[in-house]
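What the coordinates show
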Amino acid sequence: MDARVDIIDETQARIDLAAALRMTARAGMNEAVANHYSIALSADGMRFLINPKWMHWGRVKASDMVLVDLNDGTVHDNVDTTAMKIHGQVHKLCPAARVVMHLHPIMTTALASIDPPGMPAIDQNSARYHNRLAIDLGYGGMANSDAEGARLAGLMGNKSRLLMGNHGVMITAPTMGEAWDDIYTFDRAAQTVIAAMSTGRPLLTLSEADAEQTAQDWETIGDFCIAHFEEMKLILDAECPDYKD
């Protein structure tokens, strides 16, 4: 099969991408008109949809999503430079990462700003990321070069999440539903960890065996993650159906 051929329906991908952005804004996890979500249409990751430059996530629609084709070299003025450098390189170098979400939620970014950054396994949500989180300690300003995007892609290795020190988080997944649930759970886990740290008392961390078992259990319930996303879409359908336009 030609890796350049689209294997994901563009119309549905636009709807799902707009839905994920709206959900994130409703959860208070977005940052002004910054940050980016994308979904690859082709198997090689070279054709992908991404949210437009500096449009608030609370009002984006399916038709607003920008189609990028890295094969044609087109410069997209309506796509933020950092979005192109990060998402373009991740999709190009990690084509299995069909969905890429880069975000700066407050508690997640706080966790990324602790020395050293990390997600201690202290409950069921935080244990989801046990031994499954890459860490970036090389923040050097806004990502404005292909080299920086490639560096971030390289840090992912065989992991699907990158906690970006002094910066935020990047989550990748095979589907929009799995990615949305993952980034939502990550920030909830960060809130719990930061709240526990704020007491000043020692963290009661799970044992290695229990944390690993919990992480493995999470990996068996992809249908739960997708169901979460689909349920949230039903809420959007009832309250702001224009996201599909």
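Please read these numbers as outputs of a predicted model, since none were measured by experiment. (Residues numbered from 1 in each chain as written. Predicted model: local features only at pLDDT ≥ 70, side-chain atom pairs only at ≥ 80, totals over all residues. Heavy atoms only, no water.)

1. Describing the packing of helix 6 (residues 176-198) against helix 8 (residues 222-239)
Direction vectors running N to C along helix 6 and helix 8 enclose 90°, while the axes themselves pass 8 Å from each other. Between helix 6 and helix 8, the angle is such that the two are roughly perpendicular. For the pair helix 6 and helix 8, the contacting residues are M176, G177, E178, W180, D181 and Y184 in the first and G222, F224, C225, I226, H228, F229 and M232 in the second. Residue classes in the contact of helix 6 with helix 8 are distributed as eight nonpolar, three polar and two charged. (Axes fitted to C-alpha atoms, helices over the stretch in contact; angles between N-to-C directions. Helix = DSSP H or I, 4+ residues; strand = E, 2+ residues; numbered from the N terminus. Parallel < 35°, antiparallel > 145°, perpendicular 65-115°, else oblique. Contact = heavy atoms within 4.5 Å. Nonpolar A, V, L, I, M, F, W, Y, C, P; charged D, E, K, R; others polar.)

2. Examining the environment of H228
By secondary structure assignment, the location of H228 is in helix 8. Since its relative accessible area comes to 17%, H228 is described here as buried. Once the C-alpha coordinates of H228 and E178 are considered, the two residues, 50 residues apart in sequence, prove to be 8.8 Å apart. Apart from the residues within four sequence positions on either side, H228 is in contact with W180, D181 and Y184. (Buried < 20%, exposed > 50% of the residue type's maximum accessible area, 1.4 Å probe, protein only.)

3. Comments concerning the side chain of R161
Inspection of the secondary structure assignment puts R161 in strand 6 (residues 161-164). A polar atom in the side chain of R161 sits 2.9 Å from the side chain of D182. When neighbours within four sequence positions are excluded, R161 is seen to be in contact with R128, Y129, R132, L133, A134, M156, M170, I171 and D182. (Polar contact = N/O pair within 3.5 Å; in protein donor to acceptor, adjacent residues only side chain to side chain.)

4. Some remarks on the pattern of salt bridges
Going through the model one piece at a time under the given rule, you end up with 14 salt bridges. In this structure, R22 and D242 form a salt bridge, with 3.2 Å as the shortest nitrogen-oxygen distance. Of this pair, R22 sits in helix 1 (residues 10-26) while D242 sits in the segment after helix 8, and the two are 220 residues apart along the sequence. Overall, the relative accessible area of 29% leaves D242 in the partly exposed class. (Salt bridge = Lys/Arg side-chain N within 4 Å of Asp/Glu carboxyl O.)

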